Amino acid sequence: MEVRPIRTDFITESLRQNRFWTQIMSEHALFIREGLPCGETALINEAIELQRLFAQLKARADQTPRDQAAVCALNRDVIQALDRIIAFKSVVLKRMITCQMGGFNYPLLIDHIRREAIRFRTNLEKLNNNIQTPIAELALEEEIFWLRIMGDHARFIAHLLDPSERPLVKRATQFGKDFETLRLQGLDLQSMLVPRDFENHLLPADLMGGPLPPGFDNLPEPFVIPRLRRFNEEVIEATMGIRDFKAAALELIEACKVLSLISPLLASHVLREAEMALGDLEMVNRELNKMKVE
Ligand SMILES: [Fe+2]
Ligand SMILES: [Fe+2]
């Protein structure tokens, strides 16, 4: 097998991922803890531990020198911590959706933050194992991931605003619908341009990552068309829209000018995720523009 050169931005990209997502993971542990029933001491203690662990990893990521070995070790340790927080989120989610535990977090919120953790972990594994995804495939994966996340945020905001805040609830709901429409378009483009992604999703989950069985690798390679570039621009535009909405919401929440169950930290958390989405989508945009189109 041909050995690809390690990506030139391995250090920059690893640090960008870690400096952002470790902070986010620490906040997830806090959000889970705040929503647990107060008698769940074992889960509460694990949440406190995880919050501390990821805060330490964030401090370490901020100080990690631009050195390949140090960055590689950081990635490995963060992956280990991610295994732990993903398992924790899975336990909390399962107990909630089997009605063995109540609390004040929506099940979809726990699923959402577990998706964020799984994707972060995959990004680090891809960096450490030098796995590079073809650009058409990467573009659609990033877009579909972030469209779902941004749509979830819109619906969480709609459901956590006080019902009396009618115009804001309406706007948040509309954002949710717009992101859903875009995500469906993304899925259509994905089966047109990256049919192997579609086919892989039809295989049992435990085959993922292994070599495909015979007969499963005959579909065309992913390719870029002008419509995909336009789609990326549409996703960026929609994300800028919700970023501005979240920034306005954060201001209102901080000034105590709106009735809701949204803490200033949660409002700033979803705003920072919109900024990260824009960073990721703009990287994709630059790569798409370098590519020849069919
Ligand atoms: Fe998050
Ligand atoms: Fe999120």
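In this convention, every chain numbers its residues from 1, walking through the sequence in written order. Written order decides the labels, with chains lettered from A and ligands numbered from 1. For this predicted model, a pLDDT threshold of at least 70 governs which residues receive local features, and a threshold of 80 or more governs which side-chain atom pairs are given and counted, while totals over whole chains, interfaces and linings are taken from all residues. Each side-chain value is worked out from all heavy atoms of the structure, with water and hydrogens disregarded.

### Topic: empty space enclosed by the protein
As a reminder, the rule being used: The method works on a 1 Å grid over the protein atoms by themselves. A cavity is a set of points holding a 1.4 Å probe that cannot get out, a pocket is an open set with protein on both sides within 12 Å along at least five of seven lines, and residues with an atom within 4 Å of a point line them. Grid points are joined across faces, edges and corners, and a volume is the space filled by probe spheres set on the points. Under the scheme used here, helices are H or I runs from DSSP no shorter than 4 residues and strands are E runs no shorter than 2 residues, and both carry numbers assigned from the N terminus.
A complete count under the given rule lists five cavities of 30 Å³ or more for this structure. Roughly 130 Å³ of volume is contained in the largest cavity. Considering the residues around the largest cavity, the lining is formed by 16 residues, among which L109, H153, F156, L266 and V270 are closest to the centre. Looking at the lining of the largest cavity, the elements with two or more residues in it are α1 (10–35), α4 (107–128), α5 (135–160) and α9 (264–290).

### Structural notes on the coordination of the iron ion (ligand 1)
How we decide: Distances decide who is a donor: an N, O or S atom must be within 2.8 Å of the metal, or within 3.2 Å for Na, K and Ca. Water is not included, so sites may look incomplete. Between 85 and 135 degrees for all angles marks four donors as tetrahedral; over 155 degrees for opposite donors together with 65 to 115 for all other angles marks four donors as square planar and six as octahedral; every other arrangement is irregular. Burial classes follow relative accessibility: with a 1.4 Å probe on protein chains only, a residue under 20% of its type's maximum area counts as buried, one over 50% as exposed, and anything between as partly exposed.
Here the iron ion (ligand 1) is held by H28 (NE2), E116 (OE), H269 (NE2) and E273 (OE), and the distances to it run 2.0 to 2.2 Å. The coordination sphere of the iron ion (ligand 1) comprises four donor atoms, whose angles at the metal cover 84 to 169°; the geometry is irregular. All donors of the iron ion (ligand 1) belong to a single chain; written as a sequence motif, their spacing is H-x87-E-x152-H-x3-E. If you look at the iron ion (ligand 1) and the iron ion (ligand 2), they sit 3.2 Å from each other and are both ligated by E116. Of this pair, H269 and E273 both sit in helix α9, four residues apart, roughly one helical turn. Classification of H269 by relative accessible area gives buried; the value is 3%.

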